[in-house]
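Take a look at the letters that make up each chain.
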Amino acid sequence: MGYAIFLGAGASKTFGFPLTAEILPRIRSRLLEGGLFGSKPYDVQQEEDLRALLRSVFPGIDEIADEGLPLVTEVLSLVDYSLISSSVSSLDLSRNRLDEFRRLLERAVVATLDWPYQATNVPSGLRKFGDWIRHLIRSDERVSIVSTNYDVSVEKELFKHWTTSEIEDKFDFGIEWRDPSLDQLHPRPKDPVCRIYKLHGSLNWLRCPLCDHIYINTAGSIIHQAFREERVDENTCDCGYWPLEPLIVAPSAVRDVRNSNLVEVWRHALETMRRAEKWIIIGYSFPPEDIAIRSMFQRAYSSRVHKPIVKVVQFRANLSTEGRYRIIFPGCEYDTEGMESFVNHLAAPNTAAQSDGSATA
């Protein structure tokens, strides 16, 4: 049985990463404390610029409680709309300042995704989840992980059990890629043991805007290299261009996935879901504004004669969210106990007959 495991923000929340509603409060708090971007003069100046830009667009941002702050999605959407419509929303903004505001907001979002644990205290739920995926792989199951998340917690938990050369040969990221430390292009493997498709980019990806190659660091996040002031090997492409740029689709209602690498990832994600016999969708609320993902699900589901088994894992019951799933996937299993409960009830690694996550260990 092939598995397509779809991970939304609720899955990463279980491991300590913030939900969308928590990002702007974290940004504001760390801007007030200092140290959001770092302690170097360049980073301090960037923090001051971001504070000034936020106050320009939202004059009351320092006066309201966290619960009253807009979602970071709203802030990014306003900036993106202004860029698209060639307009500005404040006397203090110019077109150049608006571009800088967009870049600083993206950097701030990334900064809130600091690693919430150390290698010595990996959450037990993440370890169990990784063990279960490795068990599926060892049982010769076809496993695909499709994710809207930027963090690399699941990948790191998996990769620590394979050597670098094995990762290159056994894991498919949906694109050709380069290793940051080697002048070598890695093609997609013909027979991967696992597919990891990051629909909105990843913290361990960097992109060259000149030759369009993607660098992937399988050891962890490298996105901070894109924001360094100085030119170093880590932010310079093999073609000579610098600085390498992040490749993340920031949470905006004006999302437009046009990068050729991401378009390829989306295409392979659609195909892997179209072929998988079981879908497990964790921590994704299926929001109405995510038209592209909604379309991907519907196309993958409708193009099959034999429909997949669909299991949805959410934290807390929500009739609107449940309705959005059931109207597209009638008969789906809808679990409201959350990711933590899901991993705690995963089948034990030595229980091959119950490896679909539906039975208790």
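Before reading further, recall that the structure is shown in the block above.
The structure displayed is predicted, hence computed values, not measured ones. (Residues numbered from 1 in each chain as written. Predicted model: local features only at pLDDT ≥ 70, side-chain atom pairs only at ≥ 80, totals over all residues. Heavy atoms only, no water.)

### Here we look at the pattern of salt bridges
Line of reasoning, step 1. Counting across every chain of the model gives 19 salt bridges.
Line of reasoning, step 2. With a shortest N-O distance of 2.8 Å, Glu 22 and Lys 13 are connected by a salt bridge.
Line of reasoning, step 3. On the basis of relative accessibility, which here comes to 33%, the residue Lys 13 falls in the partly exposed class.
Line of reasoning, step 4. For Arg 102, the salt bridge identified is with Glu 106, shortest N-O distance 3.5 Å. In this pair, Arg 102 and Glu 106 are both assigned in helix α5 (residues 95–111), 4 residues apart and thus about one turn of the helix distant. When sorted by exposure, Arg 102 lands in the same class as Glu 106, which is buried. (Salt bridge = Lys/Arg side-chain N within 4 Å of Asp/Glu carboxyl O. Buried < 20%, exposed > 50% of the residue type's maximum accessible area, 1.4 Å probe, protein only. Helix = DSSP H or I, 4+ residues; strand = E, 2+ residues; numbered from the N terminus.)

### Focus: the packing of aromatic side chains
Two aromatic rings, taken as a pair, are described by how far apart their centres are and by the angle between their planes.
Line of reasoning, step 1. Scanning all chains against the criterion turns up 22 aromatic pairs.
Line of reasoning, step 2. Taking 5.8 Å as the distance between ring centres and 85° as the angle between the ring planes, the aromatic pair formed by Trp 132 and Phe 342 counts as edge-to-face. Separated by 210 residues along the polypeptide, Trp 132 in helix α6 (residues 124–138) and Phe 342 in helix α12 (residues 338–344) bring together distant segments of the chain. No difference in accessibility class separates Trp 132 from Phe 342, as the two residues are buried.
Line of reasoning, step 3. Seen from their ring centres, Phe 286 and Phe 297 are 5.4 Å apart, and the 65° between their planes marks the pair as edge-to-face. Placement of the pair is Phe 286 in the loop between β10 (278–282) and α10 (291–302) and Phe 297 in helix α10, with a sequence separation of 11 residues.
Line of reasoning, step 4. On the accessibility criterion, Phe 286 (0% relative accessible area) is buried.
Line of reasoning, step 5. Among the aromatic residues, ring-to-ring pairing joins Phe 6, Trp 279, Tyr 284, Phe 286, Phe 297, Tyr 301, Tyr 325, Phe 329 and Tyr 334 into one connected group.
Line of reasoning, step 6. Sitting over the ring of Phe 37, Arg 107 keeps its end group 4.3 Å from the ring centre.
Line of reasoning, step 7. A cation sits over an aromatic face here: Lys 156 above Trp 115, 5.1 Å from the ring centre. (Phe/Tyr/Trp six-rings, centres within 6.5 Å; stacked < 30°, edge-to-face > 60°. Lys NZ or Arg CZ within 6 Å of the ring centre and 35° of its normal.)

### Section: the nonpolar core
Line of reasoning, step 1. Judged by nonpolar contacts, the single largest core of 67 residues is most densely connected at Phe 129 and Phe 329.
Line of reasoning, step 2. Ranked by size, the runner-up nonpolar core spans 33 residues in total, among them Ile 23, Leu 105, Ala 108 and Ala 250. (Core = buried A, V, L, I, M, F, W, Y, C linked by side-chain atoms within 4.5 Å.)

### Focus: α6
Line of reasoning, step 1. The end-to-end C-alpha separation of α6 is 21 Å, in line with the 21 Å expected for 15 residues at 1.5 Å each.
Line of reasoning, step 2. Three or more residues of α6 are buried, namely Gly 125, Leu 126, Phe 129, Gly 130, Trp 132, Ile 133, Arg 134, His 135, Leu 136 and Ile 137.
Line of reasoning, step 3. Turning to α6, the residues buried within the fold contact β1 (3–7), β2 (143–147), α7 (153–159), β6 (194–198), β10 and α12.
Line of reasoning, step 4. A positive backbone phi angle near 65° is found at Asp 140, which sits one or two residues after α6. (Expected span 1.5 Å × (residues − 1). Contact = heavy atoms within 4.5 Å.)

### Regarding the environment of Glu 67
Line of reasoning, step 1. Topologically, Glu 67 is positioned in the loop between α3 (41–57) and α4 (72–85).
Line of reasoning, step 2. In this structure the C-alpha to C-alpha distance between Glu 67 and Pro 41, which are 26 residues apart in sequence, comes to 32 Å.

### Notes on empty space enclosed by the protein
Line of reasoning, step 1. A complete count under the given rule lists 3 cavities of 30 Å³ or more for this structure.
Line of reasoning, step 2. Approximately 90 Å³ is the volume attributed to the largest cavity.
Line of reasoning, step 3. Elements represented by at least two residues in the lining of the largest cavity include exactly α1 (9–13), β2, α7 and β6.
Line of reasoning, step 4. Of the residues forming the lining of the largest cavity, the biggest block, 3 residues, is contributed by α7.
Line of reasoning, step 5. Per-class residue counts for the lining of the largest cavity are 8 nonpolar, 4 polar and 3 charged.
Line of reasoning, step 6. Counted as a void, the second largest cavity has a volume near 70 Å³.
Line of reasoning, step 7. Lining the second largest cavity, in full, are Arg 28, Leu 31, Leu 32, Arg 51, Leu 54, Arg 55, Ile 61 and Asp 62.
Line of reasoning, step 8. Of the residues belonging to the lining of the second largest cavity, the class tally is 4 nonpolar, no polar and 4 charged. (1 Å grid on protein atoms, 1.4 Å probe; cavity = no way out; pocket = protein on both sides within 12 Å on 5 of 7 lines; lining within 4 Å. Points joined across faces, edges and corners; volume = space filled by probe spheres on them. Nonpolar A, V, L, I, M, F, W, Y, C, P; charged D, E, K, R; others polar.)

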